[in-house]
Amino acid sequence: MDEARWIAVDQYFERTLGLSDPTLEQALAASRAAGLPAHEVAPNQARMLQLFAQMCGARRILEIGALGGYSAICLARVLPADGELVTLEANPGHARVAADNIAKAGLADRVRIMVGDARASLARLREEDGDPFDFAFIDADKASNPFYLEATLALSRPGTVIVGDNIIRAGRIVDAAAREDADVRGVFEFFEQLGADRRVSATALQTVGEKGWDGFALARVL
Ligand code: DHB
Ligand code: MG
């Protein structure tokens, strides 16, 4: 373990690859000033999400868990002008910060923030019967991951790409006793579903970086 080096390497990637800019820096600063937890994706992860969305030609993106809107800004930036990102946020204070950050990034016209319990918002999206989502990022309370996966699949089509954030839980994902923890159990059941569900092909990767030991799951609807 050498967390200082992991951070230095992430910062090197950020500088060398130009992964940040004043708009993103301002969004992060506003989130910190408002007291939001520093749970945003790292800049290199944000670019990875952008690349995944672009690789699947995403015109409609679902995000579960907006926080201060950092990943929403990054993903909305790669949408076509008539594309839409729908982001769900349970915390009204977080949603206000996200709305402000997204507006300052000039993306309010293609981002819809649905405030409230994501389960209700997902049910509403199903009732609306809109086009399926092309790309989805599941990054909210991990205890609800099994529900979010099922709901996302119901709003998907063959080819939809789904990314699930923070699926390592400090390695406790392989510790049966840790499943008393609702978040660990949620991610564990999410993996069981991904492995058993014949509608998806899925993998998962562990990462190190400025967010410590972390990782993400990647799935494609068949
Ligand atoms: C946590 C949640 C996140 O979405 C994240 O990216 C990092 C940490 C958390 O709840 O600890
Ligand atoms: Mg996350």
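Residues numbered from 1 in each chain as written. Chains lettered and ligands numbered in written order. Predicted model: local features only at pLDDT ≥ 70, side-chain atom pairs only at ≥ 80, totals over all residues. Heavy atoms only, no water.

(A) How the structure looks around the overall build of the protein. Scanning the protein from N- to C-terminus turns up 8 helices and 7 strands. For 222 residues, the compact-globule estimate of 2.2 N^0.38 gives 17 Å, and the C-alpha radius of gyration of the protein, at 17 Å, lies within 12% of that figure. Across its three principal directions, the C-alpha atoms of the protein cover 45 × 45 × 30 Å. Within the protein, the proportion of its 222 residues that are buried is 48%. Counting only contacts in the protein whose residues sit at least 6 apart along the sequence, the fraction spanning at least 24 positions is 71%. Accessible surface, the protein: about 10500 Å² in total, of which carbon and sulfur atoms supply 53%. The protein carries 24 positive and 32 negative side-chain charges, and their two centres are separated by 2 Å. (Helix = DSSP H or I, 4+ residues; strand = E, 2+ residues; numbered from the N terminus. Rg over C-alpha atoms; globule rule 2.2 N^0.38 Å. Buried < 20%, exposed > 50% of the residue type's maximum accessible area, 1.4 Å probe, protein only. Contact = heavy atoms within 4.5 Å. Areas by Shrake-Rupley, 256 points an atom, 1.4 Å probe, with all protein chains shown as cover. Lys, Arg positive; Asp, Glu negative; His and termini not counted. Charge placed at Lys NZ, Arg CZ, Asp CG, Glu CD.)

(B) Here's a closer look at the environment of isoleucine 61. Along the chain, the position of isoleucine 61 falls in strand 1 (residues 60–64). Residue isoleucine 61 is classed as buried on the basis of its relative accessible area, which comes to 0%. Along the chain, isoleucine 61 and proline 132 lie 71 residues apart, while their C-alpha atoms are 9.0 Å from each other. Setting aside residues no more than four positions away along its own chain, isoleucine 61 makes contact with Ala53, Leu75, Leu79, Glu84, Leu85, Val86, Phe133 and Phe135.

(C) Structural view of the site of ligand 1. Taken together, His39, Asp139, Lys142, Asp165, Asn166 and Lys211 are the residues near ligand 1. One of the side-chain nitrogen or oxygen atoms of lysine 142 is found 3.1 Å away from an oxygen atom of ligand 1. At a separation of 2.5 Å, an oxygen atom of ligand 1 approaches a polar side-chain atom of lysine 211. Out of a free accessible area of 290 Å², ligand 1 has 69% covered by protein chains. Grouping the constituent residues of the shell around ligand 1 by class yields no nonpolar, 2 polar and 4 charged. (Near = heavy atom within 4 Å. Polar contact = N/O pair within 3.5 Å; in protein donor to acceptor, adjacent residues only side chain to side chain. Nonpolar A, V, L, I, M, F, W, Y, C, P; charged D, E, K, R; others polar.)

(D) Here's a closer look at the coordination of the magnesium ion (ligand 2). Protein-derived ligands of the magnesium ion (ligand 2) are Asp139 (OD), Asp165 (OD) and Asn166 (OD1), with the metal-ligand distances lying across 2.0 to 2.1 Å. Ordering the donors of the magnesium ion (ligand 2) by residue number gives the pattern D-x25-D-N. With aspartate 139 in the loop between strand 4 (135–138) and helix 7 (145–154) and aspartate 165 in strand 5 (residues 161–165), this residue pair connects regions lying 26 residues apart in the sequence. With respect to burial, aspartate 139 and aspartate 165 carry one shared label: buried. (Donors = N, O, S within 2.8 Å, 3.2 Å for Na, K, Ca; no water.)

(E) Spatial organisation of the side chain of threonine 152. As for its placement among the helices and strands, threonine 152 is situated in helix 7. Relative accessible area serves as the criterion here: at 1%, threonine 152 is assigned to the buried category. At 2.7 Å, the side chain of threonine 152 forms a polar contact with the backbone oxygen of tyrosine 148. With residues up to four places along the chain from it excluded, the contact list for threonine 152 reads Leu62, Ile64, Ala136, Ile138 and Ile162.

(F) Broad picture of the packing of aromatic side chains. Taken as a whole and judged by the stated rule, the model has 4 aromatic pairs. Considering the side-chain rings of tyrosine 12 and phenylalanine 13, the 6.2 Å spacing of their centres and the 50 degrees angle between planes classify their relative orientation as tilted. Residue tyrosine 12 is classed as partly exposed on the basis of its relative accessible area of 44%. Ring centres of phenylalanine 190 and phenylalanine 191 lie 5.9 Å apart, and the angle between their planes is 75 degrees; this geometry places the pair in the edge-to-face category. The class of phenylalanine 190 is buried, set by a relative accessible area of 1%. By relative accessible area, which is 25% here, phenylalanine 191 ends up partly exposed. Stacked on the ring of phenylalanine 133, the Lys or Arg arginine 60 has its end atom at 4.3 Å from the ring centre. Over the ring of phenylalanine 188 we find arginine 179; its NZ or CZ atom is 3.5 Å from the centre of that ring. (Phe/Tyr/Trp six-rings, centres within 6.5 Å; stacked < 30°, edge-to-face > 60°. Lys NZ or Arg CZ within 6 Å of the ring centre and 35° of its normal.)

(G) Structural detail: the nonpolar core. Of all hydrophobic cores here, the largest spans 29 residues; its most connected members are Ile61, Leu75 and Phe135. With 6 residues, the top contributor of residues to this core is helix 4 (residues 70–77). Ala136, Tyr148, Ile162 and Leu194 belong to the second largest nonpolar core, which has 27 residues in total. (Core = buried A, V, L, I, M, F, W, Y, C linked by side-chain atoms within 4.5 Å.)

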